[in-house]
Amino acid sequence: MKQQGEPSAELNAVMGYNALIDSVGINVCKLLLDDDLTILWGNDNFYKSSGFTQAEYKSLFPTIKAYYAGNGDEFFRIRHAFDSSLARGEKLVKTSCRRPLKNGDHAWISINAMITDEEHEGRRVALAVYSDISDVTKLRAERDRLLDEKTRYFEWMMDEYVGNIYIADVETYELLFLNKTSCATLHMTKEEGLGRKCYEVIQGLNSPCPFCNNAELTEEDVCAWEFDNPNLEKRFMIRDRLINWQGRKSRIELSHDMLSAEYKLAKKDLEREAILKTIPGGLARVDARDCETVMWYGGNFLEMLGYTAEQFATELNSKCAYVHPDDAERAAALMRSISETGEYNVSEFRFVCRSGEVKLLMVTFCYVSAEDSWDGIPSIYSVGLDVTEERQEQERQRKALEDAYQSLHVANLAKSNFLSSMSHDIRTPMNAIIGMTAIAKANLFEPEKVSGCLNKINVSSRHLLRLINEVLDMSKIESGKVDLMLEDVSLPDVVDDIVSMCRPLMQDKQQAFKVNIFNVRNEHVITDGDRLRQVFTNLLSNAIKYTPEGGKISLTINELNSEIDSQGRYEFIFADNGIGMPEEYMQHIFEPFARANDESISKIQGTGLGLAITQNIVQMMNGTIEVQSRPGEGSTFTVTVPLALQMREEQEPEELAGLPVLVVDDELAVCESATMLLQELGMRSSWVMSGAEAVERVVEAHQRQDDFYAVILDWKMPDMDGLETVKVIRRQVGSKVPIIIISAYDYSNIEKEFIDAGADAFISKPLFKSKMLHVLQLFCDAYKADAIETLPEQHIYLEGKRVLLAEDNELNSEIAVELLEMHGLTVETAENGLLAVERFKKSLPGYYDAVLMDIQMPVMDGYEATAAIRALPRPDAASVPILALTANAFVTDAGKAKNAGMNDHITKPINLEVLFASLRRWWK
């Protein structure tokens, strides 16, 4: 049974650490929170620190109240601290007070207590720790004494100050201090002014003035201004800042009236500062004795270097260490030199800012001797102007001028070479035209010789036209006058046009040409078809020109993955095994007029503009063009362009779904590509790479009564070619299985032989899906068509048609009439646009089947004449086809023609096949 006052288990735990606690000088006691704060327990140090023994203390002072007998205020402070914590429900108690000692003296202690959950006799119990803070209290008292002395000294200094000094509370506006001068200025004693409102005493106002509420005031900076005080009838120079005055946030104001010497000096200082601020740089005074100590600075000196005054003093020790290390010795030598000569000097130096930025300053130095110096110290005064941006701009302009000069030099050299080359290239076909014309005139009665001359004139004139077109096209591109004319374009048509045009040139040089189609899902796009054809033509023409006889050329078309549903990404790869290009030339390959310095190509005609035009067109299409080449191994150009899709609704050929087709070709790439296309059409496809395998597969299918719907067969294969394969298949299985012949060449010369052998249809490479679908759908009926029209259609539709030709050039008109009438057309002419309109107006409706309209004509040009015809009040005015015949061959010209009401745009010299195709299209 625990006796009253006996330590609890918690207290026993505390007592277990008694030795440790005593060793660090901590006083601990346990108090009962009754009215007298009864002491339940204390450690040894608690008793010893009072000067009493433990026995003496316990017998004399059972409570804290008994210990503080005669010091009731101190006990009340302790009691109040505990009561306040209990009232707030807090467990921590903190207070400080004096503690009487046995020797009659006292110590300052800090009490930190914790109110525990333990109860004794219905009262809460607290553990308290006493800490002696006598030394801290003495230090604080000493500090207060020193501060008091410092304040008195500061007040004495302010009292003796020759100007006015006011100190006012910034919240209450009460005057806290007035010096003697301010009392004299205000005509009152300190006692009369202190405690009153500053605005009332100084300015005679009833409410705070702007100075009292100045939001710009800080403890770091001084605000200065001039002020006319109507109350005192004087003008004052005022300086204000915030200070802490005896624990109160206050405003201190120093002022001088206009009659004082200090006011006049301050005015001079302001004038000097104003003058210095007009200098767009920094000023410094350097001690000439060591040429490195900065004795004074002004203007934008610190701002230019990025230092504060304190940083400059502490980090650079007020030295010229800001001068760049590489310029430091030169600067010091210059200052020593002018110290001896007395001459001023201007030079440029690099300064290192605090941020590490390097600035270039133009510095003017001036020496002042000790005799002439106001303080007897020889000095070097300097003014530094930041010229970093000016020098950078000068360097940029110098570099730009140098680059421009170099570019101009290169361009002039290139154009000189170009003109020299063009002179030769133009004269060559011109000489042929002139020469062949002379020969033809001399042999008018020898048709074969005249025909041969005319053919050569035709070839030379077309070459000359191509040269001129390239020069004009490049001029348009460089002037920024080229725009893309978007239209619906069929990629198969584009490829067919280019292949048809280039194949004769390749055949002349016995070059092998292949077109490979991979994964082209969308054949119909929206782009500038003419410009896309121009890219194809330029790259294939180069491949033909720079690939020797018997070489190989290929065009590969891929449709790449696109992240935009309405847009496709297409890759066109033009490869050859020609002469290739050196690495150094490939860096300039797309520059205008550029041609490799190679004797092997010196006789190859060209302007050097084709690739420059090609690159510009590709970039206008938001595409890229890349080239890989090695001398003697050939070149590969890769064009990648995004093309908008026409988003046509693809009609699924349901009638072809599941039908088996056999592809026969000796090239694996063709077999795989064709098989992929057939699978996209929903057909079952397989392939073999020889005629013998084809016969075997066809016979096997026939024997199991599962004939192929069609056999797609290449006509040129090793061992057993296509013709022999057709014959064997027909002998083995008869005519039931349709055979479609594929060829990369013009098949007109083999067509009859294959049809006689049993072929049913022909399809040309490259194998686009639309081509395959068109041919395969021919055999959807249960029977084979009686005949397949293969002969080229004659221009029978021209017979009996009447056209009106508007042409102001007599020779051009004569040539056009002769050529058109040779094909069965009836032609009437008009010498200008106005006559063409009159003739059409006088004719009966439907009299003219078409109007062929030149553009550049006197009296009325082609655009105006077309608009006038379209405006006539007759039924055929809006429907009659009007075709532009013009030498204006640019895309923008075609756009103008269509805007004027023309149906089509035919360029001169006239290509009759193009003209007749256009007429047929509009007469349907």
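Residues numbered from 1 in each chain as written. Predicted model: local features only at pLDDT ≥ 70, side-chain atom pairs only at ≥ 80, totals over all residues. Heavy atoms only, no water.

Moving on, we get to the environment of Gln-246. The topology assignment puts Gln-246 in the loop between strand S9 (234–245) and strand S10 (248–257). When the C-alpha atoms of Gln-246 and Leu-176 are compared, they prove to be 9.5 Å apart, with 70 residues separating the residues in sequence. (Helix = DSSP H or I, 4+ residues; strand = E, 2+ residues; numbered from the N terminus.)

Before going further, it helps to examine a nonpolar patch on the surface. Together, Leu-811, Ile-815, Leu-819 and Met-822 line one region of the surface with nonpolar side chains, adding up to about 380 Å² of accessible area. Mapped onto the elements, Leu-811 comes out in helix H26 (residues 810–822). (Patch = residues over 30% accessible without salt bridge, like charges linked within 9 Å, V, L, I, M, F, W, Y side chains within 5 Å. Areas by Shrake-Rupley, 256 points an atom, 1.4 Å probe, with all protein chains shown as cover. Salt bridge = Lys/Arg side-chain N within 4 Å of Asp/Glu carboxyl O.)

Here the focus is the pattern of salt bridges. A complete count under the given rule lists 37 salt bridges for this structure. A salt bridge links Glu-667 to Lys-514; its shortest N-O distance comes to 2.9 Å. Of this pair, Glu-667 sits in the loop between strand S23 (660–664) and helix H21 (668–680) while Lys-514 sits in strand S17 (residues 512–518); the two residues are 153 residues apart in sequence, bridging distant segments of the chain. In this structure Lys-514 comes out as partly exposed when scored by relative accessible area, which is 40%. The partner of Asp-530 in a salt bridge is Arg-533, with the nearest N and O atoms 3.8 Å apart. (Buried < 20%, exposed > 50% of the residue type's maximum accessible area, 1.4 Å probe, protein only.)

A word on the sheet that holds strand S31 (residues 882–886). In spatial order, the strands read S29-S28-S30-S31-S32; together these five strands make up an open sheet with parallel pairing. Every interior strand has two partners, whereas the edge strands, strand S29 (826–830) and strand S32 (904–907), have only one. Strand-to-strand, the axes of this sheet are offset by a mean angle of 25°, without reference to chain direction. Both strand S28 (residues 802–806) and S29 contribute to a ladder of five bridges, which runs parallel. The residue bridging Leu-805 from the neighbouring strand is Thr-829, located in S29. Strand contacts of helix H27 (residues 833–842): S28, S29 and strand S30 (850–854), with the helix running at about 155° to S28, the strand carrying the most contacts. The sheet strands contacting helix H30 (residues 912–923) are S30, S31 and S32, and the helix crosses S32 at an angle near 165°. (Pairing = 2+ DSSP bridges. Axes fitted to C-alpha atoms, helices over the stretch in contact; angles between N-to-C directions. Contact = heavy atoms within 4.5 Å.)

This part covers unusual backbone geometry. Phi is positive for Ser-318, which is not a glycine, with a value near 55°. Note that Ser-318 resides in the loop between helix H13 (309–315) and helix H14 (325–341). One non-glycine residue, Asn-622, lies in the positive phi region at around 65°. Looking at where Asn-622 falls in the secondary structure, it is placed in the loop between helix H20 (610–620) and strand S21 (624–630). Of the residues examined, Asn-622 reaches a relative accessible area of 66% and is grouped as exposed.

Moving on: the packing of aromatic side chains. This structure, assessed with the given rule, holds 27 aromatic pairs. Seen from their ring centres, Phe-46 and Tyr-47 are 5.3 Å apart, and the 75° between their planes marks the pair as edge-to-face. One exposure class covers both Phe-46 and Tyr-47, and it is buried. On the numbers, 6.4 Å between centres and 75° between planes, the contact of Phe-754 with Phe-762 is edge-to-face. On the accessibility criterion, Phe-762 (11% relative accessible area) is buried. An aromatic cluster is present here, built from Phe-46, Tyr-47, Phe-52, Tyr-57, Phe-61, Tyr-67, Tyr-68 and Tyr-130 joined pairwise through their rings. The ring of Phe-46 has Arg-99 lying over it, and the distance from NZ or CZ to the ring centre is 5.1 Å. (Phe/Tyr/Trp six-rings, centres within 6.5 Å; stacked < 30°, edge-to-face > 60°. Lys NZ or Arg CZ within 6 Å of the ring centre and 35° of its normal.)

As a further point, take the sheet that holds strand S2 (residues 38–42). Taken together, five strands build an open sheet; the order of strands is S2-S1-S5-S4-S3 and the sheet is antiparallel. Where the open sheet ends on each side, the last strands, each with one partner, are S2 and strand S3 (92–100). Pairwise comparison of adjacent strand axes, ignoring direction, gives a mean angle of 30° for this sheet. Note: strand S4 (residues 106–120) against strand S5 (residues 123–132), nine bridges, orientation antiparallel. Bridge pairing in S5 places Ile-111 opposite Tyr-130. The strands touched by helix H6 (residues 72–88) within the sheet are strand S1 (27–32), S3, S4 and S5, with S3 carrying the most contacts at an inclination of about 175°.

Next up on the list: the side chain of Asp-169. Relative to the elements of secondary structure, Asp-169 occurs in strand S6 (residues 164–169). Among the polar contacts listed, one links the side chain of Asp-169 to the side chain of Arg-248, at a separation of 2.9 Å. Apart from the residues lying within four places of it in its own chain, the contact partners of Asp-169 are Glu-174, Leu-176, Arg-248, Lys-249 and Ser-250. (Polar contact = N/O pair within 3.5 Å; in protein donor to acceptor, adjacent residues only side chain to side chain.)

With the rule as written, the count across this model stands at six cavities of 30 Å³ or more. Counted as a void, the largest cavity has a volume near 180 Å³. Around the largest cavity, the lining is made up of 20 residues, and of these Tyr-322, Phe-351, Val-363, Phe-365 and Ser-382 lie nearest the centre. Secondary structure elements with two or more residues in the lining of the largest cavity: strand S11 (281–287), helix H12 (301–305), H14, strand S13 (345–352), strand S14 (358–368) and strand S15 (379–386). It is S11 that contributes the most residues to the lining of the largest cavity, four residues altogether. When its volume is computed, the second largest cavity comes out at roughly 130 Å³. Along the wall of the second largest cavity there are 16 residues; nearest its centre are Ile-202, Gln-203, Asn-229, Ile-238 and Glu-253. (1 Å grid on protein atoms, 1.4 Å probe; cavity = no way out; pocket = protein on both sides within 12 Å on 5 of 7 lines; lining within 4 Å. Points joined across faces, edges and corners; volume = space filled by probe spheres on them.)

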